[in-house]
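Examining the three-dimensional arrangement
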Amino acid sequence: MKEMKKGLEGVVALDTKISYIDGIQGILKYRGINIEDLADLSYDAVSYLLITGKMPDEAELSEYSRMLVANRGINGKLIEVLKHFEFGVEALDGLRTAISCTAHFDEENNQHTPEANKNKAIKLVAEFPTIVAALHRASYGDEPIKPMDNLSHGANFLYMLSGKIPTDLEAEAMEKDLILSAEHELNPSTFSLRIASSTLSDMYSAVICGLCTLKGPLHGGARKGVMDMLDEIGSIENARDYALGKLERKEKIMGFGHRVYKTLDPRARIYKDVARRLAEENGDTSWFDMAEELEHILYHEFVEIKGKPIYPNVDFYSAVVYKYLDIPAELATSIFAMGRVSGWIAHCMEQYSDNRVIRPRAHTV
Ligand code: ACO
């Protein structure tokens, strides 16, 4: 039996054309294009690129956006189901169940043709934001707000959440958030989705596997963890004691560290810039200042204690962005999933297209 790698660290499990990470240089590409160049596009364009493997031309993008807008509405029966969920802790539990219900309402659920999978992909990308917003409103006893056709994917989500049309910067921040969250090679949730896909289970089931894995605090759940942490720290003056206390107790600080990046995650740099601009537009930079102070403290403490720095990951400044967008912490993981669903679908289709069931061995001790 070959050597066992705990946490599969450094193990290469498959070939992919969907994304590329260089963790030493801090490079991330989707389909060969740098994340810095993708961040200024629309989420629709990046979603199309991930799922089809091709950057859309004007006509293709306009048709894709039209199909997404046409599929934003959700089944009335699903809205009734959402009203029965208990809330307050983690909306992702509701989203997971809602996607399962959605599968029941889709007659193509168990059809595995490329055409059926393409239809499912569009429905999933289009419906995720509507479901998350409706779930949130239902938890406060409010009726869902109907999608607005002329708003972008991100702006429409913010609108469906609060009923207010977002500012240009808020809309840009939401689009960027969804783009930056859309794909990241063989992260835990994508790997679990690839395993489900490799058994030739359907796309909804595979996406639900992704959701369940994303939830954990060591993965996508860290975004909520950062929002809670910023609340707990409360002000910039408390940042040092908080950080040192955590390190002394050998507790993980949410939003820092990464299995692959040994330098700053390029997405964190973009999120930081968006967070700074939102803070300035808001006229209150306190969340941003507190986060930046924590980043500096941890960088220096890690150099001192471990001889190497630690950097913020994708969840750190995205949480600061959510603070300025007035997004409740319990929605953070679900919004992460709204972006990631395009990457998941791309991986599901890539797995179907060249499948061998994923089945490693265990070393019996
Ligand atoms: N806070 C404090 N110490 C940390 C942190 C952290 N956030 N991250 C790593 N370390 C320390 C570990 O304690 C360990 O120290 P040791 O060598 O003295 O034992 C060392 O750095 C290596 O860390 P590991 O946990 O072994 O690294 P691994 O690659 O297994 O885990 C992970 C990476 C899970 C992301 C880790 O850094 C972590 O738990 N971070 C906090 C949670 C988080 O932000 N997760 C989101 C990641 S991004 C995403 O999934 C979307």
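Residues numbered from 1 in each chain as written. Predicted model: local features only at pLDDT ≥ 70, side-chain atom pairs only at ≥ 80, totals over all residues. Heavy atoms only, no water.

The name recorded for the chain in an unreviewed UniProt entry is Citrate synthase, from Methanolobus vulcani. Taken directly from UniProt, the Sequence similarities (unreviewed entry) text for the chain runs: "Belongs to the citrate synthase family." UniProt lists a comment for the chain under the heading Catalytic activity (unreviewed entry), and it reads "oxaloacetate + acetyl-CoA + H2O = citrate + CoA + H(+)". (UniProt positions renumbered as here; feature names shortened; annotations may be inferred.)

Take the packing of helix H5 (residues 91–104) against helix H6 (residues 114–139) next. Between H5 and H6, whose axes approach to 10 Å, the crossing angle comes to 130 degrees. With respect to H6, the axis of H5 lies oblique. The handedness of the crossing between H5 and H6 comes out as right-handed. Of the residues in H6, those touching H5 at Ala91, Gly94, Leu95, Ala98, Ile99 and Thr102 are Leu124, Glu127, Phe128, Ile131, Val132 and Leu135. (Axes fitted to C-alpha atoms, helices over the stretch in contact; angles between N-to-C directions. Helix = DSSP H or I, 4+ residues; strand = E, 2+ residues; numbered from the N terminus. Parallel < 35°, antiparallel > 145°, perpendicular 65-115°, else oblique. Left-handed = near helix turned anticlockwise from the far one by under 90°. Contact = heavy atoms within 4.5 Å.)

This next bit is on the site of the ligand. Near the ligand there are 20 residues, and of these His219, Ile253, Phe256, Arg259 and Lys306 occur at the shortest range. Residue Lys306 places a side-chain N or O atom 2.7 Å away from an oxygen atom belonging to the ligand. When isolated, the ligand has an accessible area of 900 Å², and the protein chains bury 68% of it. Listed by contribution, the elements that provide at least two residues to the shell around the ligand are helix H14 (286–306) and helix H15 (314–324). Considered class by class, the residues forming the shell around the ligand number 10 nonpolar, 5 polar and 5 charged. (Near = heavy atom within 4 Å. Polar contact = N/O pair within 3.5 Å; in protein donor to acceptor, adjacent residues only side chain to side chain. Areas by Shrake-Rupley, 256 points an atom, 1.4 Å probe, with all protein chains shown as cover. Nonpolar A, V, L, I, M, F, W, Y, C, P; charged D, E, K, R; others polar.)

A few words on the packing of H6 against helix H16 (residues 332–353). Contact geometry of H6 with H16 gives a least axis separation of 9 Å together with a crossing angle of 170 degrees. By the angle between their axes, H6 is roughly antiparallel relative to H16. Contact with H6, carried on its side by Asn117, Lys118, Ala121, Leu124, Val125, Phe128, Pro129 and Val132, involves Ser334, Ile335, Ala337, Met338, Val341, Ser342, Ile345, Met349 and Tyr352 of H16 and no other residues of that element.

Split by domain assignment, the chain resolves into domain 1 (27–217 + 337–353) and domain 2 (222–324). One C-alpha centre belongs to domain 1, the other to domain 2, and the line joining them spans 27 Å. The partner domain 2 presents 17 residues to the 21 residues of domain 1 that form the contact. Taken as a group, Leu169, Leu180 and His184 account for 34% of the area that domain 1 buries against domain 2, more than any other trio of residues on that side. One can count 2 salt bridges joining domain 1 with domain 2. A salt bridge links Asp177 to Arg223, with the shortest nitrogen-to-oxygen separation between them at 3.2 Å. In this assembly, domain 1 and domain 2 are joined by 9 residue pairs in polar contact (both at pLDDT 80 or more). Those elements giving two or more residues to the side of domain 1 that touches domain 2 turn out to be strand E2 (27–30), helix H1 (35–38) and helix H8 (168–180). Counting residues per element, the side of domain 1 that touches domain 2 draws most heavily on H8, at 7 residues. Across the side of domain 1 that touches domain 2, the residue classes tally to 9 nonpolar, 4 polar and 8 charged. (Domains from an automatic or database assignment. Buried area = accessible area lost by both parts, 1.4 Å probe. Salt bridge = Lys/Arg side-chain N within 4 Å of Asp/Glu carboxyl O.)

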